[in-house]
Amino acid sequence: MKKLVEIKDVCKIYNPGENEVRALNHINLTIGEGELVAIIGQSGSGKSTLMNMLGCLDTPTSGKYFLHGHDVSHMTDDEQSDIRNREIGFIFQGFNLIQSLTAMENVELPLIYRGVGKRERERLADAALNSVGLEKRKTHRPNEMSGGQQQRVAIARAIAQAPPILLADEPTGNLDSASSREIMKIIKRLYSEGRTVIIITHDPGIAAQAKRIITISDGMIQSDIINPDYKED
Amino acid sequence: MGTAGEYLKSAIASIRNNKGRSLLTMLGIIIGIASVLTVLVIGDGLKATANGELENMDVLTIDVSVDASKTDKCFTPEYMAAVERSMGSSIYGFGPSVTMYGTTKGKKDDYDLYFTGVSDVKRLTAGNKIVHGRYFTRDDVDECNYVCVISQGAAIALFGYEEAVGETFEATVGEKTKEFTVVGIREDTSQDKAYAGQYGNDPMFMPDTPYTVVADMCDKDVNNMFTSASVYVYKDNKDAVEAKTKSVVENVMGLRGESAIKVKSTEGMDAVSETILNVITSVVSLIASISLLVGGIGVMNIMTVSVTERTREIGIRKSLGAKTSSILTQFLAEASILTSIGGIIGIILGLLFAKLACMAVGFGFVVNPVLVAGVVAISTGIGLFFGIYPARRAAKLNPIDALRSE
C-alpha cells in the first residue's frame, strides 16, 4: 500500500509559554492510499486539531507532515489553499454550504478555484450531484433542502474534482439516524470506489463502520487498530 | 484561480442579497459624486460665460497712454489718424474711449445714460453685434454727428419697439440737452441686461456715440483731451503690432527718446477675476469632496460589515481552495461595483442639477469630457481605496477561525 499521509512527530502548541496547550503531542501516523480510517476521540482530545492538520488548514508547531511524499508542514497560505483544492475534499458537520448559491453553484466552487472552464465545470458538478442522488435538486438553495440533502450536496462538492483524500468531520453530527445511515452509505461507497476516507468522530457507532480505528486523547494516539468487526457492504 | 466573471457574478449576487444596504451605500457615493460634478460644471459654465464674449472676439485692443509728467501732448484726432496710416493694414484702427453720464426722458420714465464715446472701429469688438441699422462711421466721428448705437433693451424701453433705427431722443448732460439719432441697435450683452434693471436696480442704458460728440457735449477740446487710446488689432497680429506700436506712436507724435509712451495689451479675461473664480470653484469643490469622502467611508463601513457577516463563507471558500487573491478580488469587485453604479447615477444627477442651475442663472452649460472621465475614475478609485482594507481583512482570515464563526 502506498503512503498517502505521513505524520512524523507532530506537535501543535497553542499559547506557547506559561499557559500552553499541547493539542497534539508527538503524533506519528501513516495512512495509505485507499484506506477507510476513523479517528475517534472526546472533545478536547485533539482530534479537531489533527483534522485541521491533515486538511492543511493548519501547520504544526514542530514535526513534519508529508502528503504524497511532499513536505507540506510549512507552507504559505496560498500554497495551502492550492493543496486543499487539489488533494482534499472536506465534509463538515455543519455542511458549510454557501446559502446564497444553488446546489449546483456550491458544487462548482472548488472547480472555479481550480480554474476549470465553465462547460467542464458544469459537467463535473452535474456528475457529482447525480452520484449522490440529487438530480432533481440542482437549482435549489441550501435552505430549501433537508439536512441529509444538504450534506449530500457537500459530499458532491467534496468529490466533484476527484481529490485523493476525503476528510469528513463528524459528517452525521447534525443529522437524524435515517439520514446518518444514508450519508454513511455514500461515504463507504466512495471508499469502495478507491478513495481514501478519513472520518473524524466522537461517536463509536460511526467509528465502528471504519476499517481502521485510531483513538486519540490528550493529543496522543492511544490505539490504532484494524476493526475486527468491519464488514464490506 | 477562477475567472473574473465568476467574481463579478458572486459580487453582484451579494449586492442583490443586500439590496437595501447596498442602496444606502450607493446613496453616499451618489450624493458625493453628484455634488462635486454639479459644482465643477457650474464653475465651468460661469467661466465660459464670463469669458465668452471675449473669447469669441477676433479683435483685441492694445492700450497706449502718454505720460502726462513727461509731455503735454495728447492723442489728437490728427495724431490718431497718422498712427492709423503709419500702421496701415496691420491694424483696424486707433481710437480713444471716453465715458459720459447723462439722463433722458423716456415715454414712461426717466432713464440714466452712460455714454461711451469711441471711434467707429469699436464696432469690430465683442459685444457689438448690430441687429438693426448700422454702427456709426468715421464720417460721423469726424463731423461730430449726434448719433448713437443703443441696445435692444434700451430701444424697447425708450421707443417701445426694437427696430428703432432713425428714432431720436433728447439726452441731458450737465446743463446741455441735445438730440441724438439712433443709427443702430445692438444685441443685449450680459452687461446691458445687468444694468437694464433686470436685477432690481434702476435701469441704465449704455449707448455708444462718437468721441467727438462726447467732447462737444462736455465742452472739451478734442485736441487736448485724450492721454490714452487703443489700437484695435486682429488677434493673430497682436504680438507683432504690440512690438512696434511704441515706436510708431513716438514717431508720429515726435516723442522719440522721451519714454513718454506706455503700451499695455488687454488679455481675454481679467486675471484677477479668473483667479477669484478659480478660488471659488476650488473651495466649493473641496466642500463637495468632503461628502465624497464620507461616501467612501460609507463604502468601507458596509464592506467591513459584509466581511464580518460573511466570515463563515470566506472560511468555506478558503477551505475549498480560494487563495488570498481570489477573496480579495471578490470583495474589491463588490466595492467597485457599488461605487461604479453609484458613480454613474451620481454623474447623471450631477449633470442634471448643473444643467438646471446653469439654466436658472443664465450660465452656459459646458460639459468637459475630461472632467466626467475624472469623476468616473475617482468613484472607482474610492471603491478600490476604501474597499481594500475590509477586503484584505477578509482575505487574510484564518480558515479555521472563519469556519468556526457563526
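See the structure printed just above.
The paragraphs below set out a description of the structure included in this document. (Residues numbered from 1 in each chain as written. Chains lettered and ligands numbered in written order. Predicted model: local features only at pLDDT ≥ 70, side-chain atom pairs only at ≥ 80, totals over all residues.)

1. Quick look at the overall build of chain A
Point 1. When its secondary structure is counted, chain A shows seven helices and ten strands.
Point 2. Out of the 233 residues in chain A, the part that is buried amounts to 48%.
Point 3. Looking at chain A alone, contacts between residues at least 24 apart form 68% of all its contacts between residues at least 6 apart. (Helix = DSSP H or I, 4+ residues; strand = E, 2+ residues; numbered from the N terminus. Buried ≥ 20, exposed ≤ 12 C-beta atoms within 10 Å, placed from the backbone. Contact = placed C-beta atoms within 7 Å.)

2. Thoughts on the packing of helix α3 (residues 103–114) of chain A against helix α4 (residues 118–131) of chain A
Residue and element names in this part refer to chain A.
Point 1. With their axes 9 Å apart at the nearest point, α3 and α4 run at an angle of 125° to one another. Judged on the interaxial angle alone, α4 and α3 are oblique. Our pair here, α3 against α4, has a crossing hand that is right-handed. Together, Ala-103, Met-104, Val-107, Glu-108, Leu-111 and Ile-112 of α3 and Arg-121, Leu-124, Ala-125, Ala-128 and Leu-129 of α4 make up the contact between the two elements.
Point 2. The class makeup of the residues in the contact of α3 with α4 is nine nonpolar, no polar and two charged. (Axes fitted to C-alpha atoms, helices over the stretch in contact; angles between N-to-C directions. Parallel < 35°, antiparallel > 145°, perpendicular 65-115°, else oblique. Left-handed = near helix turned anticlockwise from the far one by under 90°. Nonpolar A, V, L, I, M, F, W, Y, C, P; charged D, E, K, R; others polar.)

3. Things to note about the nonpolar core
Point 1. If you look at the biggest cluster of nonpolar residues, it comprises 119 residues, and the most contacted ones within it are Ala-156 and Ile-198 of chain A.
Point 2. Considering each element in turn, this core owes the most residues, twelve residues, to helix α2 (residues 19–56) of chain B.
Point 3. When near neighbours in sequence (up to four residues on either side) are disregarded, Ile-198 of chain A contacts Ile-31, Val-37, Ile-39, Leu-54, Ile-165, Leu-167 and Ala-168 of chain A.
Point 4. In terms of nonpolar packing, the next biggest core, distinct from the first, is built from 32 residues, Phe-115, Ile-185, Tyr-195 and Ala-196 of chain B among them. (Core = buried A, V, L, I, M, F, W, Y, C linked by C-beta atoms within 7 Å.)

4. A short note on the sheet that holds strand β6 (residues 88–91) of chain A
All names here are of chain A.
Point 1. Overall, mixed pairing links the six strands, which are arranged β6-β7-β8-β3-β9-β10 in an open sheet. The two strands at the open ends of the sheet, each matched to only one other strand, are β6 and β10 (220–226). Recorded for the sheet is a direction-independent mean angle of 15° between the axes of neighbouring strands.
Point 2. Of the pairings in the sheet, the one linking strand β7 (residues 165–169) to strand β8 (residues 196–201) comprises five bridges and is parallel in character. Residue pairing across strands places Ile-165 opposite Thr-196, the latter belonging to β8. (Pairing = 2+ DSSP bridges.)

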